[in-house]
Amino acid sequence: MIHIDFELLRTIGLTQSVASQLATINDAAEGTLLARVTQVHRDWAVIHDGVAESRARLLNKLVQSLQANDSALAVGDWVLADTHAHGEQWLSERLAPVTHIARRTSDGRRQSLASNVDTALLVMGLDHDFNLRRLERYLTLAESAGVEPVVVLTKADIGHEVEERMRQLAERLPRRVQAFALNALGEEPARILAPWLAPGQTLILLGTSGAGKSTLSNALSSSRQETGGVRGGDNRGRHTTTARSLHLCPSGACIIDTPGLRSWQPDADEEALAASFDDIGELARHCQFRDCAHEEEPGCAVRGAVDADRLLNYRKLLRDARRSQQTPLDRIAARNKWKVVIKAHNARTRQRD
Ligand SMILES: Nc1nc2c(ncn2[C@@H]2O[C@H](COP(=O)(O)OP(=O)(O)OP(=O)(O)O)[C@@H](O)[C@H]2O)c(=O)[nH]1
Ligand SMILES: [Zn+2]
């Protein structure tokens, strides 16, 4: 049985459902430690034990068991660490994450972003960064991981058409999603986001580079994170956050900061997408045709009732999801099918000529 100081570990986000997993682990060595991952590197990680951070290497058995489950260690994971001779720390086990946020890169690879997150702050600037399609992708990313999304629109003090944009947002997003416009530089963030900052809560900040993630993280936590000066001209921030890390808030919550995501899609299958865009699914039940694509079909209940761009975005995400759900063999089969179709087509045109 592993002895833990629950109150101490709660400051770095330990929850009852994670702690209860410890009861099932019997073969832990004397002095085995429960710690939280704050940085992930190739074969080592930085872990936090509630007091301080330290480096630890991954035991082969952990690497193999993660690979066998098509998983990877992520910031926010809870792990068991043993101290070997010479004070070296080794990670032997990862506890099953309660939530796990992953994305797909443009080449289809699955990439773990964070584990055991309660709230995802979807950070977007009210400047040129404002993009509702991207925000919808973030929403799906969070919701398909079982994480509550909260939209935080930064730069309300310097943004353009703030009221008009908030209206667009309210019209387009499902009502269950809360959104706030604020100045990330002042006192506003801690006050407005207080309901999500209770002790033991873990938050993640998601948004493009320059959106204001580090600025928000600074405003909410006690630690100071370097923020990038905005380059002249295009207002885009430099990539200043190089390592994902965990910050403690005075309120008792903790925050995981991530570098800006570049090209990615949510790791959501068709079902998760449908859940995130459930307003479309609900309307689609009233379409005349059951397989209505909501394009040109008569009697479509979706077209016109849903924001046109939201519908286009849903279709695009659905296409991407179907593509990444295909195995390499499926892809070859699909390509071969097209080869046959094209060959037949060419043969027909040759005959005609
Ligand atoms: N006026 C104003 N400036 C802001 C606000 N939020 C962020 N900024 C500025 O925008 C720039 C970029 O903010 P960061 O917090 O570094 O952005 P980031 O999302 O952490 O960027 P990366 O670390 O590159 O991923 C900084 O110069 C901030 O001072 C805001 O609400 N109002
Ligand atoms: Zn339809």
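None of the values given here were measured: they were computed from a predicted structure.

Observations concerning the overall build of the protein chain
Link 1 in the chain: A tally of regular secondary structure across the protein chain gives 11 helices and 14 strands.
Link 2 in the chain: For the protein chain, buried positions account for 34% of its 353 residues.
Link 3 in the chain: The long-range share in the protein chain, meaning contacts at least 24 apart out of those at least 6 apart in sequence, stands at 67%.

Re the confidence of the model for the protein chain
Link 1 in the chain: Confidence in the prediction of the protein chain, expressed as mean pLDDT, is 84, and 84% of residues score 70 or more.
Link 2 in the chain: The lowest-confidence element of the protein chain is helix α11 (residues 328–352), averaging 67 in pLDDT; the highest-confidence one is strand β9 (residues 148–154), averaging 97.
Link 3 in the chain: In the model output, the complex is listed with pTM 0.75 alongside ipTM 0.96.

Things to note about the sheet that holds strand β2 (residues 44–48)
Link 1 in the chain: Pairing is mixed in the closed barrel, where five strands are placed in the order β1-β2-β3-β5-β4. Ignoring strand direction, the axes of neighbouring strands in this sheet form an average angle of 55°.

Focus on the pairing of strand β10 (residues 178–181)
Link 1 in the chain: Relative to β10, β9 is paired through four bridges, and the arrangement is parallel. Residue pairing for β10: L153 is matched across the bridge by A181.

Some remarks on the pairing of strand β4 (residues 78–83)
Link 1 in the chain: Pairing analysis gives four bridges linking strand β1 (residues 33–40) to β4, with the strands arranged antiparallel. What sits directly across from L33, in β4, is A81.
Link 2 in the chain: With five bridges connecting them, β4 and strand β5 (residues 89–94) associate as antiparallel partners. The partner of T83 across the bridge, within β5, is Q89.
Link 3 in the chain: The loop that links β4 with its antiparallel partner β5 comprises five residues; one of these, H86, has a positive phi angle of about 65°.

A closer look at unusual backbone geometry
Trans peptide bonds make up most of the peptide bonds, and negative phi angles are found at most residues other than glycine.
Link 1 in the chain: Even without being glycine, D70 reaches a positive phi, approximately 55°.
Link 2 in the chain: Within the chain, E161 stands out as a residue other than glycine whose phi angle is a positive 45°.
Link 3 in the chain: Position of E161 relative to the elements: it lies in the loop between β9 and α5 (162–172).

Thoughts on helix α4 (residues 132–143)
Link 1 in the chain: A rise of 1.5 Å per residue sets the reference length of α4, with its 12 residues, at 16 Å; its end C-alpha atoms lie 16 Å apart and thus fit the reference within 8%.
Link 2 in the chain: Counting buried positions over the 12 residues of α4 gives nine, a clear majority of the element.
Link 3 in the chain: Buried residues of α4: L135, E136, R137, Y138, L139, T140, L141, A142 and E143, and no others.

Quick look at the nonpolar core
Link 1 in the chain: Core analysis: the largest hydrophobic core is formed by 62 residues, its most contacted members being I101, L121, L122, V123, A142 and I204.
Link 2 in the chain: For this core, the two domains that each supply at least three residues are domain 1 (6–94) and domain 2 (100–264).
Link 3 in the chain: The residues contacting I101, other than those within four sequence positions of it, are L113, A114, V117, L141, A142, A145, V147 and I204.
Link 4 in the chain: In this structure, F277, I280, L317 and A321 belong to the second largest nonpolar core, which totals nine residues.

A word on the environment of R94
Link 1 in the chain: Within the secondary structure, R94 is located in strand β5.
Link 2 in the chain: For R94, a count of 21 C-beta atoms within 10 Å puts it in the buried group.
Link 3 in the chain: Sequence-wise, R94 and I158 are 64 residues apart; in three dimensions their C-alpha atoms are separated by 44 Å.
Link 4 in the chain: R94 has contacts with L62, L66, L73, D77 and V79, leaving out every residue within four places of it along the chain.

Concerning the environment of A28
Link 1 in the chain: The residue A28 is located in the loop between α2 (16–19) and β1 in this model.
Link 2 in the chain: With 53 residues separating them along the chain, A28 and A81 place their C-alpha atoms 9.6 Å apart.
Link 3 in the chain: With near-sequence residues (within four places) excluded, A28 lies in contact with I2 and L80.

Regarding the environment of D320
Link 1 in the chain: Along the polypeptide, D320 turns up in helix α10 (residues 308–325).
Link 2 in the chain: Along the sequence, D320 and G108 sit 212 residues apart, while their C-alpha atoms lie 9.3 Å from each other.

About the thresholds
Residues numbered from 1 in each chain as written. Chains lettered and ligands numbered in written order. Predicted model: local features only at pLDDT ≥ 70, side-chain atom pairs only at ≥ 80, totals over all residues. Helix = DSSP H or I, 4+ residues; strand = E, 2+ residues; numbered from the N terminus. Buried ≥ 20, exposed ≤ 12 C-beta atoms within 10 Å, placed from the backbone. Contact = placed C-beta atoms within 7 Å. pLDDT = per-residue confidence, 0-100. Pairing = 2+ DSSP bridges. Axes fitted to C-alpha atoms, helices over the stretch in contact; angles between N-to-C directions. Expected span 1.5 Å × (residues − 1). Core = buried A, V, L, I, M, F, W, Y, C linked by C-beta atoms within 7 Å. Domains from an automatic or database assignment.

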